[in-house]
Amino acid sequence: MSYIIKITPEMKQQFHSEAAEHLNNFEKMLMLLEKDHGSRDALRSAFRDIHSIKGNSDYLGIKDINILSHELEDLMDDLRSSRIPVSRDVLAVLFEGLDLLRDMNRRIRDNDYEETDISPIRERISQAKTLCFESPKCNFGTPPAEGELPPAESFADGLEQEIKVNLEKIDTFMRRVSELTLARNILNYLTEKGTSQKQGTEWRGELRKVSSDINRITDNLHADVMKLRMVKIGTLFERLPRIVRDLSHQSGKDIELYMSGGETELERKTAEQLIDPLIHLIRNAVDHGIEPPDERKHQGKPRAGLITVKACQEANYAVIDVADDGTGLDAKRIREAALRKKIVSESVLMSMTDKEIIDLVFMPGFSTLSGATKISGRGVGLDIVKSNILAMRGSISLSGDRDIGTRVELRIPVSMSVSDVLLTGAAGRQYAFPFSSILKSIKVRRNKIRYLNHTEAVVYDGKIFPVRHLGDILGITEIKTLRQQDSSEEIAVILLGSGNRVRGVAVDAILKRESILIKPLEKCLGKIKEFSGSVLLGDGNIALVIDPAGLEK
């Protein structure tokens, strides 16, 4: 059965947004109740959320959502008034109802909204209310086996299309636009004045000032707009506890989740693209990393495994760490799996280091498991995760030790829109350095360059940094040495920060700073680690964008 919702698209969007917020909070409260059955605050908050959804859906005439939310509200009222106890079985029914409401809400914006059959969940709610009222043990059977996790669309419910803007930010925009309008009017006046006067010296000076003002205002407007496009990564983290909870139930493993760095910000589009890789890494940690409780106890580990998700910002990159304290990485086992699946030949494996062998897990079709599982056996491997991260101009690295744990580090550009770069010249070509990765650009005399462990180095601010010419790093020119004992010629050196390391890169010339749109490299060029993208310059030429992390060798 289907019917057309007789409401405007704007009303449907408003309902969807408000319901998504209520459902997210309802989920948080259920998670709290699962840990503390006696939390009265969680019960009251969850009741208010489901009550609001019931009221809004009734006003708009969304029948199935209204009926289901009404049934869930009655069940929550029985829990709130202690007529029935909070139990694992009752919470399972509430989670089931939550997921169904979330799916219905995700489709509510469709022109033809297809009504959902809610009779099975209504029957389970009725069982919970009846049997739990009659028996304190409240055991009315095992809930249906949990299947696939909610799709990424559900995971991204918090990333709404609408933006709630603080009034102070609106005032700031109005002030910027007023300044820009004034500068435009002055520019128009000077243009008319300049065409009617032969004496143009004073006019040109005023024109340069107006041009400078317009550039400043435009930069400020761009920065303000970028702030509006940013979302806290905590918006994604908020859904991870539920995912870990469901995976824990499916796998029969006890798992705890620790998260930090939720205040780290990403551009909204970047955050959306991060959802699938993040979900897969969590699944991978549960399936391949965390051991069963009895096995962990035998190894002297806590019965509950620990998954840690941390985020921080380094220069223009958001760094996300996903770590577990499980089986870790066993190079020998990975080597055997690579041979068994014919990922690489034995002769090639013999020449590979342990780090190179571990990186084989990013190869298509690789797995150390003999068969697929319900959790991660979905035909999507770490190779897809890596491809998605590279498409975002990011990087992924893997580390860990056997029986200790595994750590995956993602480095994602905070923004994939217009960025500030420093244009430089080297070996007759132009290269762009991300401005956010530059600590300082300095001039160094050739006779002041030192040697440190057979490597040339520069001294700045009392510290010593290794230095190489960009042409030498890229292999496009042969620079034997930067140091010349008898030369006081100055060369340009850019001090780059990558992770915890700082290094100097010498170039032939520093040209200018420019705000420009960085485009990712084509897939066929994605393995060139020294570059993260390309830019189209004002004169029509193309410059490659240097990836500071890729210069490490």
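Residues numbered from 1 in each chain as written. Predicted model: local features only at pLDDT ≥ 70, side-chain atom pairs only at ≥ 80, totals over all residues. Heavy atoms only, no water.

A. Representation of the pairing of strand 9 (residues 405–413). Counting buried residues in strand 9 gives 8 out of 9 residues, a clear majority hidden from the surface. Judged from the 7 bridges that link them, strand 8 (residues 395–401) and strand 9 form a sheet pairing that is antiparallel. Of the residues in strand 9, the one forming a bridge with aspartate 401 is glycine 405. Here strand 8 hands over to strand 9 after 3 residues, with aspartate 403 in that stretch at a positive phi of 65°. (Buried < 20%, exposed > 50% of the residue type's maximum accessible area, 1.4 Å probe, protein only. Helix = DSSP H or I, 4+ residues; strand = E, 2+ residues; numbered from the N terminus. Pairing = 2+ DSSP bridges.)

B. Representation of the pattern of salt bridges in the model. Per the stated rule, a full pass over the model turns up 33 salt bridges. The partner of arginine 80 in a salt bridge is aspartate 77, with the nearest N and O atoms 2.9 Å apart. Residue arginine 80 and its partner aspartate 77 are located together in helix 3 (residues 63–80), separated by 3 residues, close to a single helical turn. The exposure class assigned to arginine 80 is partly exposed, which follows from its relative accessible area of 30%. For the salt bridge of lysine 232 with glutamate 265, the shortest nitrogen-to-oxygen distance reads 3.7 Å. Highlighted residues: lysine 232 in strand 3 (residues 230–232) and glutamate 265 in strand 5 (residues 265–267), separated in sequence by 33 residues. Owing to a relative accessible area of 44%, lysine 232 belongs among the partly exposed residues under this scheme. (Salt bridge = Lys/Arg side-chain N within 4 Å of Asp/Glu carboxyl O.)

C. Quick look at a nonpolar patch on the surface. A surface patch of nonpolar side chains, about 230 Å² in accessible area, is lined by Leu452, Val459 and Ile464. Secondary-structure assignment places valine 459 in strand 14 (residues 455–460). (Patch = residues over 30% accessible without salt bridge, like charges linked within 9 Å, V, L, I, M, F, W, Y side chains within 5 Å. Areas by Shrake-Rupley, 256 points an atom, 1.4 Å probe, with all protein chains shown as cover.)

D. Broad picture of the environment of isoleucine 282. Relative to the assigned elements, isoleucine 282 resides in helix 11 (residues 268–289). Residue classification places isoleucine 282 among the buried positions, given a relative accessible area of 0%. Here the alpha-carbon distance between isoleucine 282 and valine 244, two residues 38 residues apart in the chain, equals 7.5 Å. If we ignore the near neighbours within four places in the chain, the residues touching isoleucine 282 are Leu240, Ile243, Val244, Leu247, Ile307, Val309 and Val322. (Contact = heavy atoms within 4.5 Å.)

E. Structural context of the packing of aromatic side chains. The full count for this structure, using the stated rule, is 1 aromatic pair. Look at tyrosine 431 and phenylalanine 531: their rings are 6.2 Å apart centre to centre, the planes differ by 5°, and that puts the pair in the stacked class. Pair noted here: tyrosine 431 is in strand 11 (residues 429–434) and phenylalanine 531 is in strand 19 (residues 531–536), with a separation of 100 residues, a long-range link. No difference in accessibility class separates tyrosine 431 from phenylalanine 531, as the two residues are buried. Over the ring of phenylalanine 95 we find arginine 245, and its NZ or CZ is 3.9 Å from the ring centre. The ring of phenylalanine 435 carries the charged tip of arginine 513 above its face, separated from the ring centre by 3.8 Å. (Phe/Tyr/Trp six-rings, centres within 6.5 Å; stacked < 30°, edge-to-face > 60°. Lys NZ or Arg CZ within 6 Å of the ring centre and 35° of its normal.)

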